[in-house]
Amino acid sequence: MKALVISGGGSKGAFAGGVAQYLIEQEGKQYDMFLGTSTGSLLIPHLATNDIGKLYDIYTHVNQNTIFNINPFVIKKKGDREYVSINYFNTMLQFIKRKRTFGESKNLKQHIKKHFTLKEFNFIKETKEDVVVTVTNLSKNRVEYKSIKDYDYDEFCEWIWISCNYIPFMSLVTKDGNEYADGGLGCVIPIREAILRGATEVDAIVLESENLEYNKVLGKNPFSLMINLFGHLIDQVEKGDIAIGKLAAKHRNVKLNLYYTPTKLTENSLIFNKHLMENWWLEGYLYAQSKHGDSDQYSSTVSIK
């Protein structure tokens, strides 16, 4: 049984889309299971329906307004570089309302339900072994995996949304008496979970470079510094997930194929730039092509059906 696993990574999910497109269309991979965390949770339902053209159009057009109904950020430019600054008005509004997060991401929930239909939900249930999203139960201090088989359409859409809620910048969700947030706070890439669910071959797309060392530019305001800090902590979680996944694969004789980003795509994955995401999608496709030793000349464009 083959599984496709995609890590969290915000806007870098476009790279994963390109890798997945190559694996499915050119390598003929037919996956039985799809597992994702955060941005990976947004990708996997559409990959499970094999509608890559629709996924490309949706994903590369995501912007701040798609996600936030209360946006805690202001995107500013300095030369060619974009960086995050504080939206002081919205942040103060949240404090006045006694909210525990700097922003709210209810627009994303509506976006998910708009583009992932009930028909597609039922198609996946009928044709695929499983689609699983990762969430963090903060009340019980544990990671939970939510299978499409266990929920109706509305509930599963909500779990996809919860998996993406990168607190304290996005919504903290109370559900079934517990408080939930982004799955990446506990498990960035659920390789081990795929193996425990019966996968005998796993393709895992990790939205971070494997060995690239660089000097990170630390934020000059509290928000950007906090984003850098969270990014560092999540990087450590991700390394642990991969190490555990490798051990589980070796122990159960599972074939594990890892796809990393060959370069550092961005310092802030909460910046959604259409031009950059289109380029990252192409980079992902070409990276997967090179990894599989395709000797054909790389094309400058990728055909999206």
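Values in this document were obtained by computation on a predicted structure and should not be read as measured data.

Brief notes about helix 11 (residues 274-291)
Thinking step 1. Along its 18 residues, helix 11 runs 26 Å from first to last C-alpha, staying within 8% of the 26 Å computed at 1.5 Å per residue.
Thinking step 2. Within helix 11 the residues assigned to the buried category are Met277, Trp280, Trp281, Leu282, Gly284, Tyr285, Leu286, Tyr287, Ala288 and Gln289.
Thinking step 3. Elements that come into contact with the buried residues of helix 11 comprise helix 1 (13-25), helix 3 (52-59) and strand 10 (255-260).
Thinking step 4. For helix 11, the side-chain oxygen to backbone nitrogen distance between the N-cap and His275 is 3.0 Å, and the N-cap itself is Asn273.
Thinking step 5. Of the residues one or two after helix 11, Gly293 is the one with positive phi, at around 70 degrees.

A few points about the state of the cysteines
Thinking step 1. On inspection of all chains with the given rule, the structure shows zero disulfides.
Thinking step 2. Cys157 carries a free sulfur, and the closest cysteine sulfur to it, the one in Cys164, is 11 Å from it.
Thinking step 3. Cys164 sits in the buried class, given a relative accessible area of 6%.

Remarks on the nonpolar core
Thinking step 1. Among the nonpolar cores identified, the biggest contains 69 residues, and Leu47, Phe156 and Ile205 are the most heavily contacted of them.
Thinking step 2. In this structure Phe156 touches Phe116, Phe121, Val131, Val133, Lys146, Ser147, Ile148 and Tyr151, once residues within four positions along its chain are discounted.
Thinking step 3. In terms of nonpolar packing, the next biggest core, distinct from the first, is built from 19 residues, Met33, Ile191, Ala194 and Val202 among them.

Quick word on helix 7 (residues 118-127)
Thinking step 1. For helix 7, every residue scored as buried is listed here: Glu120, Phe121 and Ile124. For helix 7, the angular spread of the buried residues around the axis is 105 degrees, confining them to a single face. Turned more than 90 degrees from where helix 7 packs its buried face, Lys119 and Glu126 sit exposed.
Thinking step 2. In this structure, the buried residues of helix 7 make contact with helix 2 (39-48), helix 3, helix 6 (106-115), strand 5 (130-137) and helix 8 (153-163).

Some remarks on the pattern of salt bridges
Thinking step 1. Counted by the stated rule, this structure contains 15 salt bridges.
Thinking step 2. Of the charged contacts in the structure, one is a salt bridge between Lys113 and Asp154, with a shortest N-O distance of 2.6 Å. With Lys113 in helix 6 and Asp154 in helix 8, this pair connects stretches of sequence that are 41 residues apart.
Thinking step 3. Residue classification places Lys113 among the partly exposed positions, given a relative accessible area of 33%.

A short note on the side chain of Asn71
Thinking step 1. Within the fold, Asn71 resides in the loop between helix 4 (64-67) and strand 3 (73-78).
Thinking step 2. One polar contact links the side chain of Asn71 to the main-chain amide nitrogen of Phe73, over a distance of 2.9 Å.
Thinking step 3. Those residues in contact with Asn71, other than ones at most four positions away along the chain, are Gln64, Asn87 and Asn90.

Topic: the environment of Trp280
Thinking step 1. Looking at the element boundaries, Trp280 is found in helix 11.
Thinking step 2. The exposure class of Trp280 is buried, given its relative accessible area of 5%.
Thinking step 3. The spatial distance from the C-alpha of Trp280 to the C-alpha of Val19 is 9.8 Å, given a sequence separation of 261 residues.

Considerations on unusual backbone geometry
Thinking step 1. Looking along the chain, the bond that leaves Ile167 and enters Pro168 is cis, with omega of 10 degrees.
Thinking step 2. Considering the arrangement of structural elements, one finds Pro168 in the loop between helix 8 and strand 7 (173-175).
Thinking step 3. Unusually for a residue other than glycine, Ser38 sits at a positive phi of about 55 degrees.
Thinking step 4. Of note, Ser38 is situated in the loop between strand 2 (33-37) and helix 2.
Thinking step 5. We classify Ser38 as buried; its relative accessible area is 9%.
Thinking step 6. We note that Arg98 has phi near 60 degrees; this positive angle belongs to a residue other than glycine.

Overview of the packing of helix 6 against helix 8
Thinking step 1. Where helix 6 contacts helix 8, the axes come no closer than 9 Å and their chain directions differ by 135 degrees. On the basis of the axis angle, helix 6 is oblique to helix 8. At the point where helix 6 passes helix 8, the crossing takes the right-handed sense. Side by side, helix 6 and helix 8 meet where Lys106, Leu108, Lys109, Ile112 and Lys113 of the first sit next to Tyr153, Asp154, Cys157, Glu158, Ile160 and Trp161 of the second.
Thinking step 2. Across the contact of helix 6 with helix 8, the residue classes break down as six nonpolar, no polar and five charged.

A few points about the pairing of strand 5
Thinking step 1. Counting buried positions along strand 5 gives eight out of eight residues, so the element sits mostly inside the fold.
Thinking step 2. Every second residue of strand 5 is oriented toward a common face, with Asp130, Val132, Thr134 and Thr136 on one face and Val131, Val133, Val135 and Asn137 on the other, all of them buried.
Thinking step 3. Bridge count between strand 2 and strand 5: five bridges; the pairing is parallel. When the sheet's bridge partners are listed, Gly36 is paired in strand 5 with Val133.
Thinking step 4. Sheet topology note: the strand 5/strand 6 (residues 142-147) ladder contains six bridges and is antiparallel. Of the residues in strand 6, the one forming a bridge with Val132 is Ser147.

Rules behind the numbers
- Residues numbered from 1 in each chain as written.
- Predicted model: local features only at pLDDT ≥ 70, side-chain atom pairs only at ≥ 80, totals over all residues.
- Heavy atoms only, no water.
- Helix = DSSP H or I, 4+ residues; strand = E, 2+ residues; numbered from the N terminus.
- Expected span 1.5 Å × (residues − 1).
- Buried < 20%, exposed > 50% of the residue type's maximum accessible area, 1.4 Å probe, protein only.
- Contact = heavy atoms within 4.5 Å.
- Polar contact = N/O pair within 3.5 Å; in protein donor to acceptor, adjacent residues only side chain to side chain.
- Disulfide = S-S within 2.5 Å.
- Core = buried A, V, L, I, M, F, W, Y, C linked by side-chain atoms within 4.5 Å.
- Arc of directions from axis to C-beta.
- Salt bridge = Lys/Arg side-chain N within 4 Å of Asp/Glu carboxyl O.
- Axes fitted to C-alpha atoms, helices over the stretch in contact; angles between N-to-C directions.
- Parallel < 35°, antiparallel > 145°, perpendicular 65-115°, else oblique.
- Left-handed = near helix turned anticlockwise from the far one by under 90°.
- Nonpolar A, V, L, I, M, F, W, Y, C, P; charged D, E, K, R; others polar.
- Pairing = 2+ DSSP bridges.

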